[in-house]
Structure formats: C-alpha cells, structure tokens
Amino acid sequence: MHLNRNDEDTLAGELGPVKQKAMEILVALGDIYGAEKLIPIESAQIAGVSYKTIGEAGLEYLTDLTGSVTVPTMLNPMGMDRYKWRQMGIKEAFVEKQLAIIRRYESLGIDAQCTCTPYYVKAPRKEAHLSWSESSAVSYANSVLGARTNREGGPSALAAALVGKTPDYGYHLDENRVPDISIKIDFPLAGADFGALGYVVGKIINSQVPQFSFVTPPSDDELKALGAGMAATGSVALFYPEQGAMSSEIIELERSDVDIYSSSEPDVVVLGCPHCSRSELTEIARLLEGRTVTRPLWICTSRFVADRCSSLISRIEATGARVICDTCMIVSPAFEKRSMMVNSGKALEYGPNLCNSHTVIGTTSSCVNTACNT
Ligand code: F3S
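Computed from a predicted structure; not experimentally measured. (Residues numbered from 1 in each chain as written. Predicted model: local features only at pLDDT ≥ 70, side-chain atom pairs only at ≥ 80, totals over all residues. Heavy atoms only, no water.)

Quick notes on the site of the ligand
Inference 1: Within the structure, the ligand sits among Pro 77, Cys 116, Glu 134, Ser 136, Cys 273, Pro 274, Cys 328, Ile 330 and Lys 346.
Inference 2: Classifying every residue of the shell around the ligand by side-chain character gives six nonpolar, one polar and two charged.
Inference 3: When we break the shell around the ligand down by domain, the ones giving at least three residues each are domain 1 (5–174) and domain 3 (268–371). (Near = heavy atom within 4 Å. Nonpolar A, V, L, I, M, F, W, Y, C, P; charged D, E, K, R; others polar. Domains from an automatic or database assignment.)

A word on the domain arrangement of the protein chain
Inference 1: In terms of domain boundaries, the protein chain breaks down into domain 1 (5–174), domain 2 (178–258) and domain 3 (268–371).
Inference 2: Of note, the centres of domain 2 and domain 3, computed from C-alpha atoms alone, are 24 Å apart.
Inference 3: Between domain 2 and domain 3, the contact holds eleven residues from the first and 16 residues from the second.
Inference 4: Across the domain 2/domain 3 interface, buried area totals approximately 970 Å², and carbon plus sulfur atoms make up 61% of it. (Contact = heavy atoms within 4.5 Å. Buried area = accessible area lost by both parts, 1.4 Å probe.)

Some details on the environment of Val 69
Inference 1: Structurally, the position occupied by Val 69 is in the loop between helix H3 (51–63) and strand S3 (73–75).
Inference 2: In contact with Val 69, other than residues within four places in its own chain, are Leu 108, Gly 109, Ile 110, Ala 161 and Leu 162. (Helix = DSSP H or I, 4+ residues; strand = E, 2+ residues; numbered from the N terminus.)

Describing the packing of aromatic side chains
Inference 1: Enumeration according to the criterion identifies eight aromatic pairs in this entry.
Inference 2: With a centroid separation of 5.9 Å and 70° between ring planes, the pair formed by Tyr 51 and Phe 94 is classed as edge-to-face. Residue Tyr 51 is found in helix H3, and its partner Phe 94 is found in helix H4 (residues 92–107); the two are separated by 43 residues along the sequence.
Inference 3: Where Phe 212 meets Phe 239, the ring centres are 6.1 Å apart and the plane angle is 90°; that geometry is what we call edge-to-face. Here Phe 212 is found in strand S8 (residues 210–213), whereas its partner Phe 239 is found in the loop between helix H9 (220–234) and strand S9 (250–253), with 27 residues between them in sequence. This pair shows no difference in class: Phe 212 is buried, exactly as Phe 239 is.
Inference 4: Following the ring pairs from residue to residue traces out a cluster consisting of Phe 194, Phe 212, Phe 214 and Phe 239. (Phe/Tyr/Trp six-rings, centres within 6.5 Å; stacked < 30°, edge-to-face > 60°. Buried < 20%, exposed > 50% of the residue type's maximum accessible area, 1.4 Å probe, protein only.)

Considering the sheet that holds S3
Inference 1: Pairing is parallel across the open sheet formed by four strands, whose spatial order is S4-S3-S2-S5. At either margin of the open sheet sits one strand with a lone partner, and together these are strand S4 (111–114) and strand S5 (130–132). Between one strand and the next, the sheet's axes are offset by a mean angle of 20°, whatever the strand orientation.
Inference 2: By the bridge criterion, three bridges tie strand S2 (residues 43–46) to S3 in an arrangement that is parallel. Residue pairing in the sheet places Ala 44 in a bridge with Thr 73 of S3.
Inference 3: Docked against the sheet, helix H7 (residues 154–163) engages S2, S3 and S5, running at close to 150° with respect to S2. (Pairing = 2+ DSSP bridges. Axes fitted to C-alpha atoms, helices over the stretch in contact; angles between N-to-C directions.)

Some remarks on empty space enclosed by the protein
Inference 1: Counted by the stated rule, this structure contains one cavity of 30 Å³ or more.
Inference 2: What the largest cavity holds in volume is close to 30 Å³.
Inference 3: Class assignment of the residues belonging to the lining of the largest cavity gives a composition of six nonpolar, one polar and no charged. (1 Å grid on protein atoms, 1.4 Å probe; cavity = no way out; pocket = protein on both sides within 12 Å on 5 of 7 lines; lining within 4 Å. Points joined across faces, edges and corners; volume = space filled by probe spheres on them.)

What about H4?
Inference 1: Its 16 residues give H4 an end-to-end C-alpha distance of 22 Å, which sits within 8% of 22 Å, the value for a rise of 1.5 Å per residue.
Inference 2: Those residues of H4 that sit buried are Phe 94, Val 95, Gln 98, Ala 100, Ile 101, Ile 102 and Tyr 105.
Inference 3: Against the buried residues of H4 lie S2, H3, S3 and S4.
Inference 4: One or two positions beyond H4, positive phi appears at Gly 109, with a value near 85°. (Expected span 1.5 Å × (residues − 1).)

Examining the sheet that holds strand S11 (residues 297–301)
For sheets, the rule is that strands pair by backbone hydrogen bonds, running either parallel or antiparallel.
Inference 1: In space, the five strands of this open sheet follow the order S12-S11-S10-S13-S14, with parallel pairing throughout. Strand pairing shows two members of the sheet lacking a second neighbour, strand S12 (322–325) and strand S14 (359–361), which therefore form its edges. Put simply, the sheet's adjacent strands are angled 25° from each other on average, direction ignored.
Inference 2: Looking at chain direction, strand S10 (residues 268–276) and S11 are connected through four bridges and run parallel. Bridging from a neighbouring strand, Cys 276 pairs with Thr 301 of S11.

What follows is the structure in structure tokens.
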C-alpha cells in the first residue's frame, strides 16, 4: 500500500507509540484487503463500549492509550443509561467499570454520545468516507445517506479515528457498490415489517448488495429497520431501496415469508434497536396515549434525540414506560436472561445468542399492547 511521507513518519513512530500502533493496524488491514492507499475520513464511530462485551481486557487496553482522535468520533451504545442505571437494576460494580471505559474514550477526545444512530447527531455528507463500526449505522450511512464505510471492528475504527484515515478498499470503492441481487416485494409493508423483512432477507443473501423493488417507498425509519435486520443476519452493509435495473438474480418473496411475528408473555418489552428517532418516539407515544403499562416497557434512544423530545418522553413515561439513553438492549446486563418482545429484526437475531434471552418479534403496536396487557 502506498503511504505518503506523513503516513511513513507516523508508522516510524514520530507521532508517538499510540499513533504508530494505529498506523500499523491500518497498514495491516490495507495489505490484507489489497488497498492501494489510505484515504481521509470525515468521522469515526467506535464499537466495543459495553463492559459486558469488552471486559477487563478491553478496559486495560484503553487505559494504555494516550493522545487524541483527529476526526469527529462517537461511540456505540454501552450497557446502561448513565443516569438511570439504578432504575435498570444495574449493579454498582458494573457501573464503575462502565463509566471508567467512557472516561477513557473521552480522554482521547471522543464524543461520548453512545448511540447506534450517530447520523441523527450529525449526518455525514454524501460520498464522505467514514470509519464506522456499528453494523446498522454502516448500512444506513451507505444505503440511505450515500456515504461510504466498511463495517469496522472497534480497534480498526479507533485506529482510523486516531490517524484520520482508513485503507481504500471494500465499500469505499465504486466497483464494490454495485447491486448484485434484486429482491422483489409485491405486497405492502409498514413499520416493523421492514425489520422482519431484513431478518429474513439477510438469512438468504449473506453479504451481497441487494436492490429492492417495493410497492410504496419506505420511510427512513423503515429503511433503518430493514438495514439493521439484514446486517444482523446476513452481514449486509449496503443496499439500494429504490427500484433500478433488475440484476440477473431475482428473489421474489411472499407475505408469508415475512410473517415471523408471534405473540408472547415476555418478561419485558424493549423497543429501540436501533435507537428510536423522534418520529418513532412520536408513534410510541401515540400508541400509549391514555393507557397504563402493566409489563416493563423500555424504549432506547440516543441522548441527543431524548434531549430534543422531552415532552414526548414525559407523555411516554406518564404511562409507566421508561425511556433510556446510551444503552444497547443487547449488551446491557438489564435484559440478560429475560424473555423479550421486540419490534426489531436485529434484536430478534441477537437476543438469544448475546443476551441469552428468549426473544420474539411483534409489530410496534402489538409490542405496546403486550406491555399494556390488552
Ligand atoms: Fe443498537 Fe444494540 Fe440494536 S447497538 S442496533 S440497540 S443491537
């Protein structure tokens, strides 16, 4: 891989051992994937934030890092809301470790907005190169916003944030952004149907670049749910939601293929995987209006969105539901080993394995009905 003079100096350790190590990671990645050069990135987003997933080894690794990131950088969600952890039943020993992780990231100049929807905080420019880790955010950035990012691991995203560059391969290149399979949907879909569709399609196509043909164009929230589902079950990082020329491989799905909903008597109902937008919070508030929650209902969003939706959140919480920030439902100890009902194809995939939870999926409306026992 070609390195310019500054890159060579960084690799030689002239900017210190932390940036040297970061450059070594980027060069190794570039060599593995045949990148010709490093390219500047507009922003980074780093996974590996919950103490539940990175543990003591991750905390120690972060403790050894010094210096600061060179591009705007955010974090994926962690295992708890930084203020409401007591309500979530999180133990103090976990809180101490979790907050130590956040402080370490902050000391590197990282914005500790812990969210899987960083694009609500600041949307990347079209065609901007990014180094993002969260699979659903990668999918949204590539497919809805027209930016360019591979799905980075936590260490490679951090290395890119420190250096301000990433190797030029994968979805940064035009040649890898061409649809190679068409998915034809001849029946109407709405809301959580798109998360279910993503869950189903990801299991069929695995890492391909699908082009969809829908009866009516999905909303951005629906595209977010679709991409999250496909990313979870099929590592799909880029899709095209608008009708285009059909590729030679076409898959046609029936309504029954997507109907993976089931009713349940879960311990807990959890919404917001990925984190809720303002319009999703509005919909949940509307569904809860005049009702009382009789089964725990947790709703995850980013602190950025929550800070701008305080009256909506008051309406939601007046029913007994709880809105939490900073938190990934899957990597939080709060929902471990509890049966969950979700409205997300991604949470349906990860709940059983990463959360050790019996997980079922319903529409947002049936999730709210289940929480209200009606
Ligand atoms: Fe976000 Fe966690 Fe779901 S990072 S997309 S809430 S699995």
